[in-house]
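As a plain string of letters, each chain reads:
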Amino acid sequence: MLEQEIKIPASHAASYRIIIGMDILGSLWSRVEADFAGYNKFVVTDENLVSAGHLQKLLGREKAPTFIIKPAGETSKNIDTAVAIIEAMEKAYLGRDTLVVALGGGTVGDIAGFAAAIFKRGVLVLHIPTTTVAQADSSVGGKTGVDSSISKNAFGAFWHPAAVYIDVATLATLDDRQFRAGLVESVKHAIIADSEYFDFLECNLDAVFGRKPDVLEQVANWNCKIKGSVVEADPGEKNLRRILNYGHTIGHAVEAASGFELLHGEAVAIGIIAAGLIEIEMKLAEPGRLERIRQILQKLNVPVTLPKELADKDLIDLIKRDKKAVNKWPKFVLISKIGEVYSHDGQYVVDVAPEVVEKVLDKL
Ligand code: GLY
């Protein structure tokens, strides 16, 4: 079992532990009870976790009030679900000594984390992520939220977890498309922060696809180290943390243009290629770099070109609506080499002219 500690000094959590292991789900509840003795536990999960048997495995013979999100997925990530969770906690007579245990993928973690952030002005949340995207990205870092009818994460809070427990064996039941799309965030971590990790992923992708637990454990460990160190340095996303948005500016526009038919990781893969093309336009790329990135994404079997049906969508308009846009145009995260983000005047996001982005979109 691997362990890491993330320090977030100015937050309610101060620091939290990440535990990574294989086939540990069945023993996690006793750890939750031991680590959080004195807290009343409330589990939030979704129907997929129930049908996969993960909820039963976590609880064993123990009982805890549980809210099961139905249907699983983004359509339930709204304020009504958060309200329903909060009211379920009230009906169970829970107070500020509550520990919300979020068992599931990114959607479960985001909703449960948000409900925890606002219930009685904030109670603890512990994440047990069960998807590649949640284990790599969303369970660490404290971003929580639900969507409005207009945009994603319109209601949200930074609410750092009290702990993150990762069992890579839970990935065994994840469907192949979700599994591969979630790995795009791992590739992103390697691109922005660690060329050795990029080499590792290139060499070990077959073992990753074979869901070899020891390799998945190493992948989770690498992801949490990279993401954890960025979050420690900049928990509130003032500057450095923005590097985690590599590939996301155009990726989010592509995801929205697809009507969310593309999975987040699939859209981000296209966004990563777009960022690489921008780097070429801005003379920041050495020869062959984008090809290497394209190859690893192709091996993941995620899209690396803009799907034909999105060609006539107004992506520029969607980019202008990016939540981080200032004066209707966002800044971009670019890399100077694999493993290192390009910075200018100490800033990790840079100006890219709309004409450059338009040219790149034509090439996508
Ligand atoms: N997923 C990007 C972040 O947590 O900042």
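These figures come from a predicted structure and were not determined experimentally. (Residues numbered from 1 in each chain as written. Predicted model: local features only at pLDDT ≥ 70, side-chain atom pairs only at ≥ 80, totals over all residues. Heavy atoms only, no water.)

A. Spatial organisation of the overall build of the chain. Each helix and strand counted, the chain has 14 helices and eleven strands in total. Its C-alpha atoms give the chain a radius of gyration of 20 Å, near enough to 21 Å, the size a compact globule of 364 residues would have. Once local pairs closer than 6 in sequence are excluded, the contacts in the chain between residues at least 24 apart make up 72%. Carbon and sulfur atoms provide 50% of the accessible area of the chain, an area that totals close to 15,700 Å². Taking the average location of the 41 positive side-chain charges in the chain and that of its 48 negative ones, the two points are 2 Å from each other. (Helix = DSSP H or I, 4+ residues; strand = E, 2+ residues; numbered from the N terminus. Rg over C-alpha atoms; globule rule 2.2 N^0.38 Å. Contact = heavy atoms within 4.5 Å. Areas by Shrake-Rupley, 256 points an atom, 1.4 Å probe, with all protein chains shown as cover. Lys, Arg positive; Asp, Glu negative; His and termini not counted. Charge placed at Lys NZ, Arg CZ, Asp CG, Glu CD.)

B. Spatial organisation of unusual backbone geometry. At the junction of Lys70 and Pro71, the peptide bond is cis and its omega measures out at -10 degrees in the coordinates. Turning to its location among the elements, Pro71 is positioned in the loop between strand E4 (66-69) and helix H4 (79-91).

C. Quick look at the environment of Lys227. By the element assignment, Lys227 lies in helix H9 (residues 213-233). Here Lys227 is in contact with Ala136, Asp137, Val140, Gly141, His189, Arg241 and Leu244, once residues within four sequence places are set aside.

D. Focus on the site of the ligand. Taken together, Asp137, Lys143, Lys227, Arg241 and Leu244 make up all the residues around the ligand. Here Asp137 contributes a side-chain N or O atom positioned 3.1 Å from a nitrogen atom of the ligand. Lys227 places a side-chain nitrogen or oxygen 2.6 Å from an oxygen atom of the ligand. Contact with the protein chains hides 90% of the accessible area of the ligand, taken as 200 Å² for the molecule alone. For the shell around the ligand, the class distribution of residues is one nonpolar, no polar and four charged. (Near = heavy atom within 4 Å. Polar contact = N/O pair within 3.5 Å; in protein donor to acceptor, adjacent residues only side chain to side chain. Nonpolar A, V, L, I, M, F, W, Y, C, P; charged D, E, K, R; others polar.)

E. Quick look at the sheet that holds strand E1 (residues 2-8). Ordered in space as E1-E2-E9-E6-E5-E3-E4, the seven strands form an open sheet in which the pairing is mixed. The open sheet has two edge strands with one neighbour each: E1 and E4. Shown here is a sheet whose adjacent strand axes are inclined to one another by a mean of 15 degrees, direction ignored. The pairing of strand E6 (residues 124-129) with strand E9 (residues 163-167) spans two bridges and is parallel. Paired with Leu126 across the strands is Ala163, a residue of E9. (Pairing = 2+ DSSP bridges. Axes fitted to C-alpha atoms, helices over the stretch in contact; angles between N-to-C directions.)

F. Highlighting the environment of Ala37. In this fold, Ala37 is placed in the loop between helix H1 (25-35) and strand E3 (40-46). Distance in space between the C-alpha atoms of Ala37 and Trp159 is 21 Å, their sequence separation being 122 residues.

G. The arrangement of the nonpolar core in detail. In terms of nonpolar packing, the biggest core is built from 78 residues, with Ile18, Ile250, Val254, Leu297, Phe332 and Val357 touching the most fellow members. Each residue touching Phe332, except ones within four places of it in the same chain, is listed here: Thr249, Ile250, Ile278, Ile319, Tyr348, Val349, Val350, Val352 and Val357. Among the nonpolar cores identified, the runner-up in size contains 23 residues, and Ile69, Val108, Val125 and Val146 belong to it. (Core = buried A, V, L, I, M, F, W, Y, C linked by side-chain atoms within 4.5 Å. Buried < 20%, exposed > 50% of the residue type's maximum accessible area, 1.4 Å probe, protein only.)

H. The packing of aromatic side chains, seen in detail. Applying the stated criterion across every chain yields a total of four aromatic pairs. With a centroid separation of 6.3 Å and an interplanar angle of 75 degrees, the aromatic rings of Phe36 and Tyr39 are classed as edge-to-face. Owing to a relative accessible area of 10%, Phe36 belongs among the buried residues under this scheme. Both rings, one in Trp329 and one in Phe332, keep their centres 6.3 Å apart while their planes meet at 45 degrees; by these two values the pair is tilted. We classify Trp329 as buried; its relative accessible area is 15%. By relative accessible area, which is 4% here, Phe332 ends up buried. What links up through ring pairs into an aromatic cluster is the set Tyr197, Phe200 and Trp222. (Phe/Tyr/Trp six-rings, centres within 6.5 Å; stacked < 30°, edge-to-face > 60°.)

I. Quick look at the layout of surface pockets. A volume near 180 Å³ is recorded for the second largest pocket. If you go around the second largest pocket, the residues you meet are Leu306, Ala311, Lys313, Asp314, Leu315, Ile316, Glu358, Leu361, Asp362 and Leu364. Secondary-structure elements contributing two or more residues to the lining of the second largest pocket are helix H13 (315-320) and helix H14 (354-363). A per-element tally of the lining of the second largest pocket places H14 first, with three residues. Its residues assigned to classes, the lining of the second largest pocket shows six nonpolar, no polar and four charged. (1 Å grid on protein atoms, 1.4 Å probe; cavity = no way out; pocket = protein on both sides within 12 Å on 5 of 7 lines; lining within 4 Å. Points joined across faces, edges and corners; volume = space filled by probe spheres on them.)

J. Examining the packing of helix H7 (residues 176-193) against H9 more closely. The N-to-C vectors of H7 and H9 enclose an angle of 50 degrees; their axes lie 10 Å apart at closest approach. One finds that H7 runs oblique with respect to H9. Judged by the sense of rotation from one axis to the other, the crossing of H7 with H9 is left-handed. Touching Phe179, Ser186, His189 and Ala193 of H7 are Leu216, Val219, Asn223, Ile226 and Lys227, all from H9. (Parallel < 35°, antiparallel > 145°, perpendicular 65-115°, else oblique. Left-handed = near helix turned anticlockwise from the far one by under 90°.)

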